[in-house]
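Listed below are the residues making up each chain.
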Amino acid sequence: RKEVEQDPGPFNVPEGATVAFNCTYSNSASQSFFWYRQDCRKEPKLLMSVYSSGNEDGRFTAQLNRASQYISLLIRDSKLSDSATYLCVVRHNTGTASKLTFGTGTRLQVTL
Amino acid sequence: NAGVTQTPKFRILKIGQSMTLQCTQDMNHNYMYWYRQDPGMGLKLIYYSVGAGITDKGEVPNGYNVSRSTTEDFPLRLELAAPSQTSVYFCASSYLGTDYEQYFGPGTRLTVT
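Note that the coordinates shown come from a computational prediction; the quantities given were computed from them, not determined experimentally.

Caption draft 1: Region of interest: the sheet that holds strand 6 (residues 55-57) of chain A. Residues and elements named next belong to chain A. Taken together, five strands build an open sheet; the order of strands is 1-3-8-7-6 and the sheet is antiparallel. Where the open sheet ends on each side, the last strands, each with one partner, are strand 1 (4-6) and strand 6. Neighbour-to-neighbour, the strand axes of the sheet open up by a mean angle of 20°, direction not taken into account. Pairing of strand 7 (residues 60-65) with strand 8 (residues 70-75), which is carried by six bridges, proceeds in the antiparallel orientation. Looking at the pairing, leucine 64 lines up with isoleucine 71 of strand 8.

Caption draft 2: Structural context of the packing of aromatic side chains. Taken as a whole, this structure holds 13 aromatic pairs over all chains when the rule is applied. Plain terms: the ring middles of tyrosine 35 of chain B and phenylalanine 104 of chain B are 5.7 Å apart, the flat faces sit at 35° to each other, and that makes the pair tilted. Placement of the pair is tyrosine 35 of chain B in strand 4 (residues 31-37) and phenylalanine 104 of chain B in strand 10 (residues 103-104), with a sequence separation of 69 residues. One exposure class covers both tyrosine 35 of chain B and phenylalanine 104 of chain B, and it is buried. Clustering of aromatic rings is evident, with ring pairs tying together Tyr36 and Phe102 of chain A together with Tyr31, Tyr33, Tyr35, Phe90 and Phe104 of chain B. A cation sits over an aromatic face here: arginine 68 of chain B above phenylalanine 74 of chain B, 6.0 Å from the ring centre.

Caption draft 3: Structural context of unusual backbone geometry. At the junction of glycine 9 of chain A and proline 10 of chain A, the peptide bond is cis and its omega measures out at 10° in the coordinates. The linkage connecting threonine 7 of chain B with the following residue, proline 8 of chain B, adopts the cis geometry, with an omega of -5°. Along the polypeptide, proline 8 of chain B turns up in the loop between strand 1 (4-7) and strand 2 (10-13). Its identity is not glycine, yet aspartate 77 of chain A carries a phi of approximately 50°, on the positive side. Summarising the element assignment, aspartate 77 of chain A is placed in the loop between strand 8 and strand 9 (84-94). Backbone geometry places asparagine 28 of chain B, a non-glycine residue, at a positive phi of 60°.

Caption draft 4: Spatial organisation of the state of the cysteines. Residue and element names in this part refer to chain A. Summed over all chains, the structure comprises two disulfides over all chains. One disulfide in the model links cysteine 23 with cysteine 88; its S-S distance is 2.0 Å. Torsion about the S-S bond of the cysteine 23 and cysteine 88 cystine: about -75°, corresponding to left-handed handedness. Within this pair, whereas cysteine 23 is found in strand 3 (residues 19-25), its partner cysteine 88 is found in strand 9, the two being separated by 65 residues in sequence.

Caption draft 5: A look at the side chain of serine 87 of chain B. Residues and elements named next belong to chain B. Take serine 87: it is sitting in strand 9 (residues 87-94). In this structure serine 87 comes out as buried when scored by relative accessible area, which is 6%. Only 2.6 Å separates the side chain of serine 87 from the side chain of aspartate 38, close enough to count as a polar contact. The residues contacting serine 87, other than those within four sequence positions of it, are Arg36, Gln37, Asp38, Thr108, Arg109 and Leu110.

Conventions we followed
Residues numbered from 1 in each chain as written. Chains lettered and ligands numbered in written order. Predicted model: local features only at pLDDT ≥ 70, side-chain atom pairs only at ≥ 80, totals over all residues. Heavy atoms only, no water. Pairing = 2+ DSSP bridges. Helix = DSSP H or I, 4+ residues; strand = E, 2+ residues; numbered from the N terminus. Axes fitted to C-alpha atoms, helices over the stretch in contact; angles between N-to-C directions. Phe/Tyr/Trp six-rings, centres within 6.5 Å; stacked < 30°, edge-to-face > 60°. Buried < 20%, exposed > 50% of the residue type's maximum accessible area, 1.4 Å probe, protein only. Lys NZ or Arg CZ within 6 Å of the ring centre and 35° of its normal. Disulfide = S-S within 2.5 Å. Polar contact = N/O pair within 3.5 Å; in protein donor to acceptor, adjacent residues only side chain to side chain. Contact = heavy atoms within 4.5 Å.

Printed below as a string of structure tokens:
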């Protein structure tokens, strides 16, 4: 089982739609969770951290379910500019260091 | 602030050649990282550094070397390039550790033929 698994997509949605991405992680000791956004042939950029109680940033809502080891990202009122790949990222400690594991990403294409 | 800069943007190497990928950050971040991203794969950590003079291996360090003589610079050296090193290489930095936002450079696209 991969450490971090995401549906690769692509998710093709019309502008204005609501879309949700899921991510599962295998290490129950994982401590921090993030969503990064990566535009085509560009570098990843932090979209938002994911907190235990869930959190919202404008049209974006992130949820964490530790019992099911599952993270989600909901995008409401999709814009053309939301077209990108969304990377689920999980942090856990490995003895003396901590490690980030990146999912392979879910690609979103928003169309007119 | 320029953030994290990387040079070159693109490079084609022949098998067995060597090169250095440059990375510089101007945010006074302590932590710096080198990742590679292969098609359909998540980013894999090659090496990281928690401060000047301190480096450590990540998941996929074989075939690479790093140094960190200053806070700003974290070059990645490829010795004896192999086709398996064809990838996109990203340098990143963060203020402290991995619980902080990582700022990525624009990447270097490397092809080894």
